[in-house]
Amino acid sequence: MSEPKTIVITGASDGIGAAAARRLHADGHRVVVVGRSPAKTEAVAGELGAEHHIADFASFAEVRGLAAALDAAHPRIDVLVNNAGGVFGDRAKTADGFEKTLQVNHLSPFLLTTLLLDKLLASRASVIQTSSSGARLFGDLRLDDLDHDAAFTPHKAYGTTKLENILFTRELHARFRARGLSAAAFHPGAVATAFATESSSFFRLVYNNPLGRMAMVSPEKGARQLVWLATTAPGVEWESGAYYERGKPARRVNPQANDDDLARRLWDRSAELVGVKTA
């Protein structure tokens, strides 16, 4: 194996995040487990003998605390995996004043990444976003209504944030590729996990239906692209800035996912909302 990497995985207390953490640890990498649930996060970290951090992405204060702790603990971070996220129930605002799906799935990963940007650049790191085919099926990004004040459904909010993950990846690559930073987003497939248990959308019916789960892949299989992107060379095995499905750049995408100007404007608006300044 090549030199072990320091790999930070958010949403690593369950599902594909936990499966990827186990695989990467078994392969000799230094895995940092980040999760919202203290009990689940500590269990996965204890199993691996790995460092762990607790952070709820519905709180910018906790995300800022996580970034400070990671920056202090690690001379370098080779891979940041923004995997935390979900689909939720009725429209609700966080204590920071944003619709919960927007904050947990997009704004908080954006904030974490930008707060760690100097370290990621110095490490010539890869930033990996767990996205979804929901971006194509339900995404509809309107910069003047990121909070879905005009029209909200759980699946539309989810799909739009997954589209934002792809656009964030695209813009991260565009802004920082010349300085050695790489980025990719991927769709893990329909994975039999606890996904959608907090949702009132049809996703909950699908993911909690025994027949539906029979057609889904295991968390271990769903984590394979994540592990592949984290351990292989951008520019050689995979293309930085791209969105992957089944190990290849996706052929069917939401038309908005290819809009470079939209990606730039989403970045600028996100930076304004979370209160950071970036290049």
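Residues numbered from 1 in each chain as written. Predicted model: local features only at pLDDT ≥ 70, side-chain atom pairs only at ≥ 80, totals over all residues. Heavy atoms only, no water.

When you go through the chain residue by residue, the secondary structure sums to twelve helices and eight strands. Classification of the 279 residues of the chain by burial places 55% in the buried group. Within the chain, residue pairs in contact and separated by at least 24 positions form 72% of the contacts whose partners lie at least 6 positions apart. Looking at the chain as shown, the accessible area adds up to about 12,100 Å², and 50% of this sits on carbon and sulfur atoms. (Helix = DSSP H or I, 4+ residues; strand = E, 2+ residues; numbered from the N terminus. Buried < 20%, exposed > 50% of the residue type's maximum accessible area, 1.4 Å probe, protein only. Contact = heavy atoms within 4.5 Å. Areas by Shrake-Rupley, 256 points an atom, 1.4 Å probe, with all protein chains shown as cover.)

For the rest of this paragraph, the subject is the side chain of Ser131. One can find Ser131 in the loop between strand 5 (126-130) and helix 6 (134-138). Owing to a relative accessible area of 3%, Ser131 belongs among the buried residues under this scheme. Leaving out residues up to four positions away in the same chain, Ser131 has contacts with Lys162, Asn165, Ile166, Ala185, Phe186, His187, Pro188 and Tyr243.

With that settled, the discussion passes to the packing of aromatic side chains. Per the counting criterion, the structure on display carries six aromatic pairs. Centre to centre, the rings of Phe110 and Trp267 are 5.0 Å apart; their planes meet at 75°, and the pair counts as edge-to-face. Taken as a pair, Phe110 in helix 4 (residues 100-115) and Trp267 in helix 12 (residues 260-274) lie far apart in primary sequence, 157 residues in all. Overall, Trp267 belongs to the buried group, its relative accessible area being 3%. Ring geometry for Phe176 versus Trp267: centroids 6.1 Å apart, planes at 45°, classification tilted. Here Trp267 lies in helix 12 and Phe176 lies in helix 7 (residues 154-176), a separation of 91 residues in the sequence. Taking relative accessible area as the criterion, Phe176 reaches 1% and is therefore assigned buried. (Phe/Tyr/Trp six-rings, centres within 6.5 Å; stacked < 30°, edge-to-face > 60°.)

Another point: a positive patch on the surface. Taken together, the side chains of Lys221, Arg224, Arg246 and Arg252 define a basic patch exposed on the protein surface. In this structure, Arg246 sits in the loop between strand 7 (242-245) and strand 8 (248-249). For Arg246, a relative accessible area of 81% translates into the label exposed. (Patch = residues over 30% accessible without salt bridge, like charges linked within 9 Å, V, L, I, M, F, W, Y side chains within 5 Å. Salt bridge = Lys/Arg side-chain N within 4 Å of Asp/Glu carboxyl O. Lys, Arg positive; Asp, Glu negative; His and termini not counted. Charge placed at Lys NZ, Arg CZ, Asp CG, Glu CD.)

Moving on to the sheet that holds strand 7. What links the strands of a sheet is backbone hydrogen bonding, and the strands pair in either a parallel or an antiparallel sense. One open sheet accounts for eight strands, arranged 3-2-1-4-5-6-7-8; its pairing is mixed. The outermost strands of the open sheet, each flanked by one partner alone, are strand 3 (51-54) and strand 8. Along the sheet, helix 4 contacts strand 4 (79-82) and strand 5; its crossing angle with strand 4, the most-contacted strand, is approximately 165°. (Pairing = 2+ DSSP bridges. Axes fitted to C-alpha atoms, helices over the stretch in contact; angles between N-to-C directions.)

Let's shift gears to unusual backbone geometry. The phi dihedral of Arg124 falls on the positive side, at around 50°, and the residue is not glycine. Relative to the helices and strands, Arg124 resides in the loop between helix 5 (117-122) and strand 5. According to the relative accessible area criterion, Arg124 is exposed, its value standing at 59%. Within the chain, Arg246 stands out as a residue other than glycine whose phi angle is a positive 55°.

With that settled, the discussion passes to helix 7. When the terminal C-alpha atoms of helix 7 are compared, their 33 Å separation across 23 residues agrees well with the 33 Å that a helix rising 1.5 Å per residue should span. Counting buried residues along helix 7, 19 of its 23 residues qualify, which places the element largely inside the surrounding structure. (Expected span 1.5 Å × (residues − 1).)

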